[in-house]
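The primary structure of each chain is shown beneath.
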Amino acid sequence: MGKPNRRVLPTIIGVSVLTTLAANVAVLVAREGNGPATSPRADGRARFVAASGGTGVPTGVVAPLGKRLTPHVLVAAPSTLPADFVEKVRAAKGVQGVEVVDAVQGMVAGKRVGLMGVNPSTFRNYTPKPTARSDALWRNVASGDVAISFTMGNDGGVELGSQVPVGGKRSPSRLRVGAYATMGIGDVDAVISHTTAQILGMPSGNAMLISVPKTEPKAFVKKLRRTLPKQAKAVEVNPEIDVPQGGDVPRSDGQVMTAHQIQTVIRAAYTRLGWPYVWGGESEAEGGYDCSGLMQFAFARAGIRLPRVAADQARTGWVIPYAKARPGDMLIWANDPTAPGYISHIALYLGNGKMIAAPRRGTVVQVQNVYTRNMRGAVRVSPKLANTLAG
C-alpha cells in the first residue's frame, strides 16, 4: 500500500509547512481488544471498525449518530479559516453540510500522516456507516485516543491499544491507539479530538469538509477556488480516476515511454527484489519500500518523476483495460469498499501475467502472478504528465 502524502494538509506539527494531503486507506478488517487483526467473519462479510478497550467515558459525552453525509470537497489552510468564509460556503447552493476540523500533516508513531482534530459528535456523521455507528470508537477518540486507518495499523505495524508518539519530533505526546477505522477519506490516516489537537498545538479550524451530493465536485471546487482565503486550497475527496473509452493513447514523443525507458524501469524494479515491505518506504535509507515507493524508485531511474502515492500515480497517464497492458505499465487496484474508486495499491507489469510488487507488511518486493480482484486497469505512463504531477 502506498504511503500517505497528498495535496492540501499543511504540516504544522514539528515540520515545515507542505502543500500536500495525505492518505491511503484500505480494506479494514475488524479486530477485537488488543489481539491481531482477524479475517472476515464467518458469514463472509468483513467489518470495518475495531475499537480498543473501553475508556470509562460516559455514553452521553458523544452525541448519537445523526444524518450521515458524504464529504465531497476538502478545504485546508495553514491557519484558521475565516468565519465569514465558512458561513458563505454553508449557504452556497448545493451544499448539504459543512464540517470544520483541524488538519495537518503530523507525526504519528514515527510516520508522517494526514491528521485531523475533530468533534466526535458531529464528524462521525461524515464517515462511512460502520465507522459512524461505532459509539465505542468515538468515545475513545473523545477520551484522548487516536484512531488510525487500517493501512497504518496493519501495513504500518502500529498496534491497536499501544501508546504511540503524536506531534512534533522534539516533544510529542503519547496517545493510545484507540481504534482502527477507515474514515473513508483518502487523505486522512489519523483522527483525534479537537481538544487533543489543541493540546498538541495544531491550528484550530483550518480545514473543512463539504458535502455537495447533487453537484459535480470538480465544478464546485473550481467555483470555490475563486473565493478561497489566502493560502487555502481545495480538492475533491477521493476523486475518481478518468478511464478513457477504448484505451487509445497518444503516440507522440514524450507522451509515452520509450523502449529504453521501459527496460530501465523494469531493470531497476528487479534490483529491489527481496527488499522488505516498509510502509512509507521509498529509499534504501528506510530499509525497504511500499508499493508506490517502489514505483517511484524504479521510474526515477528512467528519469521519470512520479508523485508519492498510488492514487496520484494512477493519474500519470492513460488508464487502459488490463487486457491491453504491456510491460512497463503500472497496474492499479481500489481495495477500500468505503472509498470506491480510490486507488490504494499499485504494481509494475512485466508481461505474461506477471508483475513486480511490494505487497504488504511482512512480505518482500517480489514477482507475483497478476490478480484482477478490485483491479481498475493499467496505467500507460506519460513522462511529461508524471513529471508535471510530481511537481
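Preceding this paragraph is the structure being described.
Residues numbered from 1 in each chain as written. Predicted model: local features only at pLDDT ≥ 70, side-chain atom pairs only at ≥ 80, totals over all residues. Heavy atoms only, no water.

1. Some thoughts on the packing of aromatic side chains
For step 1, the next point in the chain: Across all of its chains, the model carries 5 aromatic pairs by this definition.
For step 2, the next point in the chain: Relative to Trp-138, the ring of Phe-123 lies with its centre 5.9 Å away and its plane at 70°, an arrangement referred to as edge-to-face. Linking Phe-123 in helix α2 (residues 120-123) with Trp-138 in helix α4 (residues 135-143), this pair joins segments that are 15 residues apart in sequence. Comparing Phe-123 with Trp-138, the two get one shared label, buried.
For step 3, the next point in the chain: Through successive ring pairs, a cluster of aromatic residues spans Trp-275, Tyr-289 and Phe-297. (Phe/Tyr/Trp six-rings, centres within 6.5 Å; stacked < 30°, edge-to-face > 60°. Helix = DSSP H or I, 4+ residues; strand = E, 2+ residues; numbered from the N terminus. Buried < 20%, exposed > 50% of the residue type's maximum accessible area, 1.4 Å probe, protein only.)

2. Quick look at the side chain of Arg-380
For step 1, the next point in the chain: In this structure, Arg-380 sits in strand β18 (residues 375-381).
For step 2, the next point in the chain: Among the residues examined, Arg-380 registers a relative accessible area of 8% and is labelled buried.
For step 3, the next point in the chain: Of the polar contacts made by the side chain of Arg-380, one reaches the side chain of Asp-329; its length is 2.7 Å. (Polar contact = N/O pair within 3.5 Å; in protein donor to acceptor, adjacent residues only side chain to side chain.)

3. Some details on the environment of Leu-273
For step 1, the next point in the chain: Along the chain, the position of Leu-273 falls in the loop between α8 (259-270) and β11 (282-283).
For step 2, the next point in the chain: Placed 92 residues apart in sequence, Leu-273 and Val-365 show a C-alpha to C-alpha distance of 4.9 Å.
For step 3, the next point in the chain: Once residues within four sequence positions are removed from consideration, Leu-273 is found in contact with Val-365, Gln-366 and Val-367. (Contact = heavy atoms within 4.5 Å.)

4. A closer look at the environment of Leu-228
For step 1, the next point in the chain: Its location among the elements puts Leu-228 in the loop between α7 (217-224) and β10 (233-236).
For step 2, the next point in the chain: Residue Leu-228 is classed as buried on the basis of its relative accessible area, which comes to 18%.
For step 3, the next point in the chain: In this structure the C-alpha to C-alpha distance between Leu-228 and Val-75, which are 153 residues apart in sequence, comes to 8.7 Å.
For step 4, the next point in the chain: Discounting chain neighbours no more than four positions away, the residues touching Leu-228 are Val-75, Phe-85, Lys-233 and Ala-234.

5. Side note on the sheet that holds strand β15 (residues 345-351)
For step 1, the next point in the chain: Strand order in the open sheet formed by 6 strands is β13-β18-β14-β15-β16-β17, with antiparallel pairing between adjacent strands. The open sheet has two edge strands, β13 (317-320) and β17 (366-369), and neither has a second partner. Going across the sheet, the axis of each strand differs from the next one's by a mean of 35°, ignoring polarity.
For step 2, the next point in the chain: With 4 bridges joining them, strand β14 (residues 330-333) and β18 adopt antiparallel strand pairing. When the bridges of β18 are listed, Ile-332 appears paired with Gly-377.
For step 3, the next point in the chain: Lying over the sheet, helix α9 (residues 291-300) contacts β14, β15, β16 (354-357) and β18, oriented at roughly 50° with respect to β15. (Pairing = 2+ DSSP bridges. Axes fitted to C-alpha atoms, helices over the stretch in contact; angles between N-to-C directions.)

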